[in-house]
Amino acid sequence: MDPFLALLNSLSASLSSSELCELKFLCKDKIGKRKLESVQSGRELFNFLMEQQLIASHNVDLLKSMFKTIKREDLISQLEQFIEEGEAGAPDERPDVKERRLQKVVIEVICENVGRDWKMLMRKLDLSDVKMDRIIAANPHDLREQLVQSLREWQKWKGKDAKVADLIKALRDCNMNLVADKAEQKLSRLNAENL
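Residues numbered from 1 in each chain as written. Predicted model: local features only at pLDDT ≥ 70, side-chain atom pairs only at ≥ 80, totals over all residues. Heavy atoms only, no water.

Identification of the protein chain as FAS-associated death domain protein from Bambusicola thoracicus is taken from an unreviewed UniProt entry. Recorded in UniProt under Subcellular location (unreviewed entry), the annotation for the protein chain is "Cytoplasm". (UniProt positions renumbered as here; feature names shortened; annotations may be inferred.)

See the structure below:
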């Protein structure tokens, strides 16, 4: 699937019905009334905008201004990330198999040992507060799940630049040296087993 269409699908999926109504209202001078009334999803709305050549993979300004109007900064940052990375989330954007396995080990250690201070860690990893707030809203009473989802979000956002070394460094920067030591011990055991 075309990465831009995949992005539009994901943006569409995260819109509430009231947000979709607001977006339709914002498009009333761009799309005919009958077409607008037939729109049932963000995806359909985006298709009409693409037909009118108002949006494209290299031109997302209209989408950005619409998302700004409905106060969805998280969607704007997804669009900006897509533009920055060219084709976000393509298979060659993911870390190699070995790095992913190492990340899984370190993330397990982090999830077992980092508690209420997880936000400090995620800020060291440059994950935005908007993304963290969204994750908290989705998992209001599950601290561990908030941490797991934040780390997944970080992995997705960093793509192939997500490195175990960054996780360890962030732990040390937050004075979570005990967790960093545990992670490094587990990694060295894993490396020893693989020799």
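Looking now at the domain arrangement of the protein chain. Per the domain assignment, the segments of the protein chain are domain 1 (3–88) and domain 2 (95–194). Taking only C-alpha atoms, the centre of domain 1 and the centre of domain 2 are 31 Å apart. Every contact between the two is made by four residues of domain 1 and, on the other side, five residues of domain 2. In total, domain 1 and domain 2 occlude about 430 Å² of area from one another, counting both sides; carbon and sulfur atoms represent 45% of this. Put simply, domain 1 and domain 2 have one salt bridge between them. (Domains from an automatic or database assignment. Contact = heavy atoms within 4.5 Å. Buried area = accessible area lost by both parts, 1.4 Å probe. Salt bridge = Lys/Arg side-chain N within 4 Å of Asp/Glu carboxyl O.)

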